[in-house]
Amino acid sequence: MNNEQILEAIKAMTVLELNDLVKAIEEEFGVTAAAPVAVVAGGAAAAEEKTEFDVVLASAGGEKIKVIKVVREITGLGLKEAKEVVDNAPKALKEGVSKDEAEAIKAKLEEVGASVEVK
């Protein structure tokens, strides 16, 4: 199998399948996919410069079906995958997005009754 074939196979996977693949690779080779953490002097300065945010679904609330629909819209996941994300809250929906996009996603989800955190 060449690199192009591997990349094509990865492109065809769902987010949950990719997550399982990453876990399997970590276990098989004894590595971690976590990014190295850089120590920044002055925590307040680091918070002011933050340009990427993570949107985390804290809970679905009472309108679970509406939340699943919005999660599908935001992430592009299929129905089954979106339901699994909502069922397994708290769960990160989007990572490394701009502040404006994070706030827009949060507003959409809160509109249908979900609890959302932007980190």
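Let me sum up the structure you'll find in this document. Computed from a prediction, not measured in an experiment: that's the story for all the values here. Sequence positions are assigned chain by chain, starting from 1 and proceeding in written order. Where local features are concerned, this predicted model is filtered to residues with pLDDT of at least 70; where side-chain atom pairs are given and counted, the filter is 80 or more; whole-chain, interface and lining totals use all residues. Hydrogens and waters are ignored; side-chain quantities use all the structure's heavy atoms.

## So, the overall build of the protein
Convention followed: Strands here mean DSSP runs of E at least two residues long; helices mean DSSP runs of H or I at least four residues long; both are numbered from the N terminus. Burial classes follow relative accessibility: with a 1.4 Å probe on protein chains only, a residue under 20% of its type's maximum area counts as buried, one over 50% as exposed, and anything between as partly exposed. We call two residues in contact whenever any of their non-hydrogen atoms come within 4.5 Å of each other.
For the protein, the count of helices and strands is six helices and three strands. Across the protein, helices and strands are ordered from the amino to the carboxyl terminus as α-α-α-β-α-α-β-α-β. Going through the 119 residues of the protein one by one, you find that 20% of them count as buried. A sequence separation of at least 24 residues applies to 66% of the contacts in the protein between residues at least 6 apart.

## With respect to the layout of surface pockets
Test applied: Think of a 1 Å grid over the protein atoms and nothing else: a 1.4 Å probe that fits but is trapped marks a cavity, an open set flanked by protein within 12 Å on at least five of seven lines marks a pocket, and residues with an atom within 4 Å of a point count as lining. Grid points are joined across faces, edges and corners, and a volume is the space filled by probe spheres set on the points. Each residue receives one of three labels: charged for Asp, Glu, Lys and Arg, nonpolar for Ala, Val, Leu, Ile, Met, Phe, Trp, Tyr, Cys and Pro, and polar for the others, Gly being one of them.
Taken as a whole, the largest pocket spans an internal volume of roughly 340 Å³. For the largest pocket, the full set of lining residues is Val15, Leu16, Leu18, Asn19, Thr75, Leu77, Val85, Lys91, Ala92, Leu93 and Glu95. Those elements that place two or more of their residues in the lining of the largest pocket are helix H2 (15-29) and strand E2 (91-97). When the residues that make up the lining of the largest pocket are grouped by side-chain class, the tally is seven nonpolar, two polar and two charged.

## Side note on the side chain of Glu81
Selection rule: When charges are counted, neither His nor the chain ends are considered; positive counts come from Lys and Arg and negative counts from Asp and Glu. Salt bridge, as applied in this entry: a Lys or Arg side-chain nitrogen positioned within 4 Å of an Asp or Glu carboxyl oxygen.
Locating Glu81 in the fold gives a position in helix H5 (residues 79-87). It turns out Glu81 is buried and unbridged, and the closest side chain with the opposite charge, Lys80, is 6.4 Å from it. Contacts of Glu81, omitting those with residues within four sequence positions, involve Thr14 and Leu16.

## Looking at the nonpolar core
To keep things clear, this is the line we draw: By convention a nonpolar core is built from buried Ala, Val, Leu, Ile, Met, Phe, Trp, Tyr and Cys residues, the set being connected through side-chain atoms within 4.5 Å.
If you look at the biggest cluster of nonpolar residues, it comprises 21 residues, and the most contacted ones within it are Val67, Val71, Val86 and Leu109. Looking at this core, the elements with two or more residues in it are strand E1 (53-59), helix H4 (64-75), H5, E2 and helix H6 (99-111). Those residues in contact with Val67 that lie beyond four places of it in its chain are Leu57, Ala60, Val86, Leu109, Val112 and Ala114.

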